Amino acid sequence: PGERGAAHAILGTLLITLATSVISVPIGILTAIYLVEYGRGTFARAITFLVDVMTGIPSIVAGLFIVSLFTMLVGPGKYMGIMGTLALSVLMIPVVVRSSEEMLRLVPNELREASYALGVPKWLTIAKVVLPTAIAGIMTGIMLSVSRVIGETAPLLLTAGFTASMNTNLFGEPMMTLPVFVYTQFQNPGTNIEAALERAWAGALTLILIVLVLNIVARIIAKYFSPKTGR
């Protein structure tokens with residue numbers, strides 16, 4: 001597969017990005033809801049500060065953090081898809097929190113107060129009024145965060161490693177991803193340098209197309225869930 005194509009890298013990228021989103025999106029949105037709707041005092045300020053710090057950390061630091069964590073837990077020299085997933089989650093969660101928080105703050109307070117006046121409890125108001133109103137902006141933020149992590153190379157080189165074989169098990173062997181595939185084609189082109197460069201460019205184009213498709217899907221989802229009236 002390493003010589004012939006990038007199917008293993010495309011699958012690896014999709015699996016790791018999907019797993020990262022499954023971890024990061026719920027945590028990010030719930031954290032944003034807490035900060036906007038419930039968070040007061042020192043604890044909320046501490047979370048905001050941590051999110052700000054995490055937003056600015058270099059991606060390779062996230063990779064090193066996960067490598068050191070897994071070295072302590074399961075021993076050194078391990079390369080697994082789940083390690084790459086967790087490294088990317090460290091990078092993705094703060095972006096989701098920040099963007100979702102901004103969108104939730106844009107929801108007019110009158111909507112919340114009207115819901116409370118009708119006797120609707122706070123959690124149901126958030127679920128049925130606040131989130132649907134902000135969903136389009138939240139989806140845009142999620143897509144921005146996915147776009148940020150899907151092209152990360154450094155943390156994946158350290159955590160998921162690289163392989164020439166197809167691997168669908170996140171908890172098993174090393175897993176190839178498109179950014180790492182592009183990097184390895186440039187770094188180790190083998191005997192046919194031109195073919196390797198073409199594979200690298202093809203990998204880069206595939207990455208862009210995946211991001212494009214994800215953005216289109218996100219737009220459709222946001223349109224489906226957003227309120228139908230008032231616009």
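> So, the environment of Val130: which residues are in play, and what are the values?
Here Val130 shows up in helix α6 (residues 122-150). Val130 gets classed as buried once you look at its relative accessible area, which sits at 0%. With 19 residues separating them in the primary sequence, Val130 and Leu111 have C-alpha atoms 7.8 Å apart. Residues contacting Val130, with those up to four places away along its chain left out, are Glu37, Leu104, Val107, Arg112 and Thr125.

> Mind laying out the environment of Ala200, listing which residues take part and the relevant values?
As for its placement among the helices and strands, Ala200 is situated in helix α9 (residues 193-225). By relative accessible area, Ala200 is classed as buried at 1%. When near neighbours in sequence (up to four residues on either side) are disregarded, Ala200 contacts Val182, Gln185 and Phe186.

> Go over the pattern of salt bridges with me, naming the residues and quoting the values.
Pairing of side chains with opposite charge becomes possible as their charged atoms draw close. All chains considered together, the criterion is met by five salt bridges. For Arg98, the salt bridge identified is with Glu101, shortest N-O distance 2.5 Å. Residue Arg98 and its partner Glu101 are both found in helix α4 (residues 81-105); the two are separated by three residues, about one turn of the helix. For Arg98, a relative accessible area of 23% translates into the label partly exposed. Put simply, Arg148 and Glu152 hold a salt bridge, and the shortest N to O gap is 3.8 Å.

> I'd like to hear about the packing of aromatic side chains, residue by residue, with values.
This structure, assessed with the given rule, holds one aromatic pair. Ring centres of Tyr34 and Phe43 lie 5.9 Å apart, and the angle between their planes is 65°; this geometry places the pair in the edge-to-face category. Judged by relative accessible area, Tyr34 falls into the partly exposed class, the value being 27%. In this arrangement the basic side chain of Lys122 is found over the ring face of Tyr38, its NZ or CZ atom lying 4.8 Å from the centre.

Parameters at a glance
Residues numbered from 1 in each chain as written. Predicted model: local features only at pLDDT ≥ 70, side-chain atom pairs only at ≥ 80, totals over all residues. Heavy atoms only, no water. Helix = DSSP H or I, 4+ residues; strand = E, 2+ residues; numbered from the N terminus. Buried < 20%, exposed > 50% of the residue type's maximum accessible area, 1.4 Å probe, protein only. Contact = heavy atoms within 4.5 Å. Salt bridge = Lys/Arg side-chain N within 4 Å of Asp/Glu carboxyl O. Phe/Tyr/Trp six-rings, centres within 6.5 Å; stacked < 30°, edge-to-face > 60°. Lys NZ or Arg CZ within 6 Å of the ring centre and 35° of its normal.

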